[in-house]
Amino acid sequence: MDDDPPRHRGEGAEGRRGRRPFDYGALRGIVLGMIAEEPRHGYELMRAIEERMGGGYSPSPGVIYPTLSWLEDMGYAEPVREAGRKRYAITPEGTAFLAASKPVPPAFRDAAGGHGDRRPPAPEVREAMGDLKHALRRRFAAGVPDPETIETVAAAIRAAARNVENTMTDATTRTVPETAEPAGAAIRELAEVRTAHAARYLGQLCKHFAHKIPAVDYAETSGTIPFAAGTARLAAGPEALRIELEAAPAEMERLRDVVVRHLVRFAFREELAFDWRPA
């Protein structure tokens, strides 16, 4: 399982946390093995891999979704609908492929049995996490509240998650002078994301970053976001969102990860597939 599919060209070895401890061939085997246990969707796989790696590595959406697309294209996995969500299940061909593949990488197997390289959060963060956990327990101890209260609590947690995430992406979204150019010869990547809500997601993404990057330019069906890492250009059609990224080779994965991560968050009611290729 050492040959990488074309859609992974330009991907580096970094995930959302830490350096990926295995190559793409091994990652495909890990993902296939996990959906052999039970059907899962992209975010379930990301969380499960992070848990088994003890928090030391978490694959980004820009890694997981192309991997699932490749497994589907090869006939090793197939999408199934469960409770309104699209999950992936292994096929008989996938079971045979998994049986003939290399064993699970030691880095993944060892981390799954221990705690990996996870660093404990700062004491202040642990205390805040505990406060949230206890507040939720107290709030729900008397029974399930009404739907309006549930939505209010969920919205508060989502807002807190966004605030934390924003503090982690400030370095990527920091405004740079308009005359600045990415270091090295710039490369371009393109993805056509199938969705009936392209214009909505384009507007959400541009408006989100316009608060941090004054040079963001967007209209109803097009937008340009000049990140510090590179430039994202978007065009919304009736059936797809076209994303073109331009950055130095060393910055491309960082730029791709920020764009994909935010779009996936905005499109929480559907599962977007990103098939990146050189532009």
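None of these values were measured; they are calculated from a predicted model. (Residues numbered from 1 in each chain as written. Predicted model: local features only at pLDDT ≥ 70, side-chain atom pairs only at ≥ 80, totals over all residues. Heavy atoms only, no water.)

Pulling in residues and values, what's your account of the overall build of the protein?
For the protein, the count of helices and strands is nine helices and eight strands. By the burial criterion, 41% of the 279 residues in the protein qualify as buried. Sequence-distant contacts in the protein: of pairs separated by 6 or more residues, those separated by 24 or more amount to 62%. In the form shown here, the protein has an accessible surface area of approximately 15,100 Å², with 53% of it arising from carbon and sulfur atoms. (Helix = DSSP H or I, 4+ residues; strand = E, 2+ residues; numbered from the N terminus. Buried < 20%, exposed > 50% of the residue type's maximum accessible area, 1.4 Å probe, protein only. Contact = heavy atoms within 4.5 Å. Areas by Shrake-Rupley, 256 points an atom, 1.4 Å probe, with all protein chains shown as cover.)

Describe the pattern of salt bridges, with residues and values.
Across all of its chains, the model carries eleven salt bridges by this definition. Note that Arg40 is salt-bridged to Glu38, the shortest N-O span being 3.8 Å. Using a relative accessible area of 9% as the deciding quantity, one classes Arg40 as buried. Here Glu239 ties to Arg194 by a salt bridge, and the two come within 3.1 Å at their closest N and O atoms. With Glu239 in the loop between β6 (230-236) and β7 (240-247) and Arg194 in strand β3 (residues 187-194), this residue pair connects regions lying 45 residues apart in the sequence. Its relative accessible area of 58% is what places Arg194 among the exposed residues. Ionic contacts of the salt-bridge type, sharing partners, join the residues Arg188, Glu192, Arg242 and Glu244 into one network. (Salt bridge = Lys/Arg side-chain N within 4 Å of Asp/Glu carboxyl O.)

Any details on the packing of aromatic side chains? Residues and values, ideally.
A complete count under the given rule lists three aromatic pairs for this structure. Plain terms: the ring middles of Phe209 and Phe227 are 4.9 Å apart, the flat faces sit at 80 degrees to each other, and that makes the pair edge-to-face. Of this pair, Phe209 sits in helix α8 (residues 198-210) while Phe227 sits in the loop between β5 (222-226) and β6; the two residues are 18 residues apart in sequence, bridging distant segments of the chain. The pair formed by Phe209 and Phe227 is uniform in burial state, with each residue classed as buried. One residue, Arg28, lies across the ring of Trp70, its end atom 4.0 Å from the ring centre. (Phe/Tyr/Trp six-rings, centres within 6.5 Å; stacked < 30°, edge-to-face > 60°. Lys NZ or Arg CZ within 6 Å of the ring centre and 35° of its normal.)

Lay out the nonpolar core in plain terms, naming residues and giving numbers.
For soluble globular proteins, nonpolar side chains are generally found buried alongside one another. Counting residues in hydrophobic clusters, the biggest one holds 55 residues, and the most contacted among them are Ile225 and Ile243. With eight residues, the top contributor of residues to this core is helix α9 (residues 249-266). Dropping the residues within four chain positions of it, Ile243 is found in contact with Glu189, Leu190, Ala191, Val193, Arg233, Leu234, Val259, Leu263, Phe274 and Trp276. (Core = buried A, V, L, I, M, F, W, Y, C linked by side-chain atoms within 4.5 Å.)

Run through the sheet that holds β7, naming residues and quoting values.
The six strands lie next to each other as β4-β5-β6-β7-β3-β8, forming an open sheet whose pairing is antiparallel. Looking at strand neighbours, the two that pair on one side only are β4 (217-218) and β8 (277-278), the edges of this open sheet. Alignment of β4 against β5, held across two bridges, turns out to be antiparallel. Each bridged residue has a counterpart across the sheet, and for Asp217 the counterpart in β5 is Thr224. The strands touched by α9 are β3, β6 and β7; relative to β7, the strand with the most contacts, the crossing angle is about 150 degrees. (Pairing = 2+ DSSP bridges. Axes fitted to C-alpha atoms, helices over the stretch in contact; angles between N-to-C directions.)

Account for the pairing of β5, naming residues and giving values.
Across the two faces of β5 the burial differs, with Gly223 and Ile225 buried and Ser222, Thr224 and Pro226 not buried at all. Counted along the chain from β4 to the antiparallel partner β5, the turn is three residues long. As paired strands, β5 and β6 are joined by five bridges and run antiparallel to one another. The residue bridging Pro226 from the neighbouring strand is Thr231, located in β6. Here β5 folds back onto β6 in antiparallel fashion, the turn holding three residues.

How would you summarise the environment of Leu136 if you had to cite specific residues and measurements?
Within the secondary structure, Leu136 is located in helix α6 (residues 123-140). Expressed as a C-alpha distance, the spacing of Leu136 and Val153, which sit 17 residues apart in the sequence, is 8.7 Å. Apart from the residues lying within four places of it in its own chain, the contact partners of Leu136 are Val153 and Ile157.

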